[in-house]
Amino acid sequence: QLSTNFYSSSCPSALSIIQGAISSAISSEPRMGASLLRLHFHDCFVNGCDASVLLDDTSNFKGEKTAGPNSNSLRGYEVIDSIKTQLEKQCPGVVSCADILAVAARDSVVALGGTRWNVPLGRRDATTASFDAAESNLPSPFLDLAALISAFSNKGFTAQEMVVLSGGHTIGQARCLTFRTRLYDNTESIDSAFASSLKQNCPSSGGDDNLSPLDESAGTFDNTYFKNLVGKKGVLHSDQQLFGNGSTDSIVNSYSLDSGKFFTDFGKAMTKMGNLSPLTGSNGEIRTNCRKINGS
Ligand code: HEM
Ligand SMILES: [Ca+2]
């Protein structure tokens, strides 16, 4: 199985190379930390943490990059490429792209002020990707609470873990088209002053790609996301579903009041996410280029 010291003799500098690259990427652009956290999530929820998300389309399969939840939305591929290039120089053919994604997500959260969690290593990389699985396994921001619970339960997570993982939205940005209906549909639970301020940058038509921060401190990993949900200031419909429907309100409340508990539970849930069906042993391969299967 996976182990935290997997590269300690085969590539002792692996973790420090990744960490150095992440801190420099985030100092040039803080949002990159959010983008890298999301990249790991979108990898793991689609046939496990196997770097399938990084593969470009081939003549044998359509990749995941162009699936609805990813297209014009996922970012950070270049940062992963540059880490991979450095690692291939240092220890050729040793460190998998899937492990780079897992460590990059953790180091990003740490760099933005969040918590540190253990990242067991030894994942190998997929030799295929699934457009269809990306379309069907990644949750949409238009889901209601029951559907969110079910999307995460399909991957083995409890409702509490779904709520704490949604706390990933304490960092980063969302495009207008992902939350517009929430602003102009008057059945939504949303603070009215907050809705007015979002509307300034997200008109009822046009401006699809205009960005808004996912919480009021979107450059910092903290529990503001949960405080905002209690104040009906969730950006996505799926965010606000976690508070106001009853069954998960007490979980949101507790994270809004106790950032230490949020950090501890988030870290545990991230380690669990990182363990979703990894390829190990002789399954998969160690890609030399994260975008391509070896020999292609
Ligand atoms: C609960 C179900 C979830 C839904 C419906 C959802 C949906 C979304 C959407 C629609 C966006 C904006 C995308 C865009 O504008 O193109 C987004 C951004 C983001 N999501 Fe989620 N997400 C969910 C869970 C998660 C989880 C579990 C994590 C990580 C632990 C996460 C991390 C992020 C981050 C960090 C961003 C900002 C990315 C950036 O700024 O580049 N999300 N999410
Ligand atoms: Ca925040």
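Report follows, based on the coordinates. Quick caveat: nothing in here was measured; it's all calculated off a predicted structure.

**So, the site of ligand 1**
Stage number 1. For ligand 1, the set of nearby residues contains 27 residues, the closest of which are Arg 31, Ser 35, Ser 73, His 169 and Arg 175.
Stage number 2. Here Ser 35 contributes a side-chain N or O atom positioned 2.6 Å from an oxygen atom of ligand 1.
Stage number 3. Ser 73 is positioned such that a nitrogen or oxygen atom in its side chain is 2.5 Å from an oxygen atom of ligand 1.
Stage number 4. Elements with a contribution of two residues or more to the shell around ligand 1: helix H2 (31–44), helix H6 (145–153), helix H7 (159–166) and strand E1 (173–175).
Stage number 5. Of the residues forming the shell around ligand 1, the biggest block, six residues, is contributed by H2.

**Topic: the coordination of the calcium ion (ligand 2)**
Ideal donor angles around a metal are set by the shape: a four-donor tetrahedron calls for 109.5 degrees, a six-donor octahedron for 90 or 180 degrees.
Stage number 1. Summarising the metal site, the calcium ion (ligand 2) is bound by the protein donors Thr 170 (O), Thr 170 (OG1), Asp 215 (OD), Asp 215 (OD), Ser 217 (O), Ser 217 (OG), Thr 220 (O) and Asp 222 (OD), whose distances to it range over 2.4 to 2.9 Å.
Stage number 2. All donors of the calcium ion (ligand 2) belong to a single chain; written as a sequence motif, their spacing is T-x44-D-x1-S-x2-T-x1-D.
Stage number 3. You can call Asp 222 buried: its relative accessible area is 18%.

**Observations concerning the coordination of the iron atom of ligand 1**
Stage number 1. A lone protein donor contacts the iron atom of ligand 1, and this donor is His 169 (NE2), found at 2.0 Å.
Stage number 2. By the secondary structure assignment, His 169 is in the loop between H7 and E1.

**Quick look at the side chain of Thr 115**
Stage number 1. Within the secondary structure, Thr 115 sits in the loop between helix H4 (97–111) and helix H5 (131–137).
Stage number 2. A relative accessible area of 14% places Thr 115 in the buried class.
Stage number 3. Those residues in contact with Thr 115 that sit more than four places away from it in its chain are Val 109, Val 110, Phe 221, Phe 263, Phe 266 and Gly 267.

**With respect to the state of the cysteines**
Stage number 1. Applying the stated criterion across every chain yields a total of four disulfides.
Stage number 2. Residue Cys 44 pairs covalently with Cys 49 via a disulfide, S to S 2.1 Å. Where Cys 44 bonds to Cys 49 through sulfur, the torsion about that S-S bond is close to 115°, and the disulfide is right-handed. No difference in accessibility class separates Cys 44 from Cys 49, as the two residues are buried.
Stage number 3. Here Cys 176 connects covalently by a disulfide to Cys 202, the sulfurs 2.0 Å from one another. Where Cys 176 bonds to Cys 202 through sulfur, the torsion about that S-S bond is close to 75°, and the disulfide is right-handed. Here Cys 176, found in the loop between E1 and helix H8 (180–184), pairs with Cys 202, found in the loop between helix H9 (192–200) and strand E2 (211–213); they are 26 residues apart in sequence, far enough to count as distant.

About the criteria used
- Residues numbered from 1 in each chain as written.
- Chains lettered and ligands numbered in written order.
- Predicted model: local features only at pLDDT ≥ 70, side-chain atom pairs only at ≥ 80, totals over all residues.
- Heavy atoms only, no water.
- Near = heavy atom within 4 Å.
- Polar contact = N/O pair within 3.5 Å; in protein donor to acceptor, adjacent residues only side chain to side chain.
- Helix = DSSP H or I, 4+ residues; strand = E, 2+ residues; numbered from the N terminus.
- Donors = N, O, S within 2.8 Å, 3.2 Å for Na, K, Ca; no water.
- Buried < 20%, exposed > 50% of the residue type's maximum accessible area, 1.4 Å probe, protein only.
- Contact = heavy atoms within 4.5 Å.
- Disulfide = S-S within 2.5 Å.

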